[in-house]
Amino acid sequence: MTSEPLSGPSEADPAAVFAAALSLWKAVHEHRSRNPDFNLSEAYNGGDEFMRVVMRIGRQFEEWACVHVVFEATEEVWPYDLEDRFGAACLATMGAGALASFEEADCLRVAWRLGLPLRADGKLPVPVCVSAQNPVVGSGFRAFRIHTFRRPVDDDGVEAFTMSDEVCDDEFGPPGFGLYGVEASGLLEHIADRATYLEAVALARKLAPGLELPDCAVVRRC
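Residues numbered from 1 in each chain as written. Predicted model: local features only at pLDDT ≥ 70, side-chain atom pairs only at ≥ 80, totals over all residues. Heavy atoms only, no water.

Colleague: I tried to follow the pattern of salt bridges on my own but got confused; where do I start?
Modeller: A side chain with one charge may pair with a side chain of the opposite charge, provided their charged atoms come close. Taken as a whole and assessed by the stated rule, the structure comprises seven salt bridges. Among the ionic pairs, R52 bridges to D48, the shortest N-O distance being 3.8 Å. Linking R52 with D48, this pair stays in helix 3 (residues 47-68), spanning four residues, or about one helical turn. Using a relative accessible area of 42% as the deciding quantity, one classes D48 as partly exposed. Between D106 and R109 there is a salt bridge, and its shortest N-O distance comes to 3.0 Å. Taken together, the positions of D106 and R109, both in helix 5 (residues 104-114) and three residues apart, correspond to about one turn of that helix. Exposure remark for D106: the relative accessible area of 7% places this residue in the buried category. (Salt bridge = Lys/Arg side-chain N within 4 Å of Asp/Glu carboxyl O. Helix = DSSP H or I, 4+ residues; strand = E, 2+ residues; numbered from the N terminus. Buried < 20%, exposed > 50% of the residue type's maximum accessible area, 1.4 Å probe, protein only.)

See below:
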């Protein structure tokens, strides 16, 4: 988590688009070499259509990443990182024969699998766990914490939504945000639940003016 101001969305880099498409092209061909029964032409109605699919995915993912990935929190050179890891992550997410159905939700699944730092600004269903020290002297709470929970779609229960969980899980509804006070002993006291991260932040700031919780947290898979 960072409290530093984050830069806004960036423009798509053609080098990153090419790197992602190339990585995916290589990964599928490596899969074919290990699995002789996999017929690339049948899966994608010809090799030329397969190339269109990987280029579309490379472009779609790069455009998505420019909105949702916090590039200043990464340590790798972005196009090189995509070339090294993107294809394998895609195949692990949806398989070599299903890439034609790649959509926006799959961008998040792949980014999460890659452990990329993402903006938790309410636009993505990602887990959040952020804390800040309480600046109010004499308060019963030494800090405040916000973390996510979610409800199964076919159950009335509530489960914690953590960094080790999968995102875009159809078995759960959208995440909610619980605000907790942290006592001196470390115990948590539940204060309230809110539908969005910013609503939870706003409540925390009302309870503790000057509380340094970021408007947009940065999260990545453990």
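Colleague: Help me understand the pairing of strand 2 (residues 129-133) in this model?
Modeller: Strand residues, when the strand is regular, have side chains that alternate between the two faces of the sheet. Across the two faces of strand 2 the burial differs, with V130 and A132 buried and C129, S131 and Q133 not buried at all. Summarising the sheet, strand 2 and strand 3 (residues 143-150) pair through five bridges and their orientation is antiparallel. Directly across from A132, in strand 3, lies its bridge partner F144. (Pairing = 2+ DSSP bridges.)

Colleague: Can you walk me through a negative patch on the surface in this structure?
Modeller: A cluster of acidic residues, D154, D155, D156, E159, D170 and E171, forms a negative patch at the surface. Take D154: it is sitting in the loop between strand 3 and strand 4 (159-160). On the accessibility criterion, D154 (70% relative accessible area) is exposed. (Patch = residues over 30% accessible without salt bridge, like charges linked within 9 Å, V, L, I, M, F, W, Y side chains within 5 Å. Areas by Shrake-Rupley, 256 points an atom, 1.4 Å probe, with all protein chains shown as cover. Lys, Arg positive; Asp, Glu negative; His and termini not counted. Charge placed at Lys NZ, Arg CZ, Asp CG, Glu CD.)

Colleague: I keep staring at the side chain of N134 and nothing clicks. Help me out?
Modeller: For N134, the position within the fold is in the loop between strand 2 and strand 3. Polar side-chain contacts of N134 include one of 2.9 Å to the backbone oxygen of F141. The contact partners of N134, leaving out residues within four places of it in the chain, are S139, F141, R142, A143, F144, A208 and L211. (Polar contact = N/O pair within 3.5 Å; in protein donor to acceptor, adjacent residues only side chain to side chain. Contact = heavy atoms within 4.5 Å.)

Colleague: Any chance you could explain empty space enclosed by the protein here in plain terms?
Modeller: Leftover empty space is mapped by rolling, across the atoms, a probe with the size of a water molecule. Scanning the entire structure with this criterion turns up one cavity of 30 Å³ or more. Lining the largest cavity we find A120, D121, G122, L124, V126, V128, F177 and Y197. (1 Å grid on protein atoms, 1.4 Å probe; cavity = no way out; pocket = protein on both sides within 12 Å on 5 of 7 lines; lining within 4 Å. Points joined across faces, edges and corners; volume = space filled by probe spheres on them.)

Colleague: Quick question: what am I supposed to make of the side chain of D81 here?
Modeller: When you line up the elements, D81 lands in helix 4 (residues 78-94). Look at D81 and you get buried, because its relative accessible area is 12%. Excluding its chain neighbours within four sequence positions, the residues that come into contact with D81 are E76, F86 and L116.

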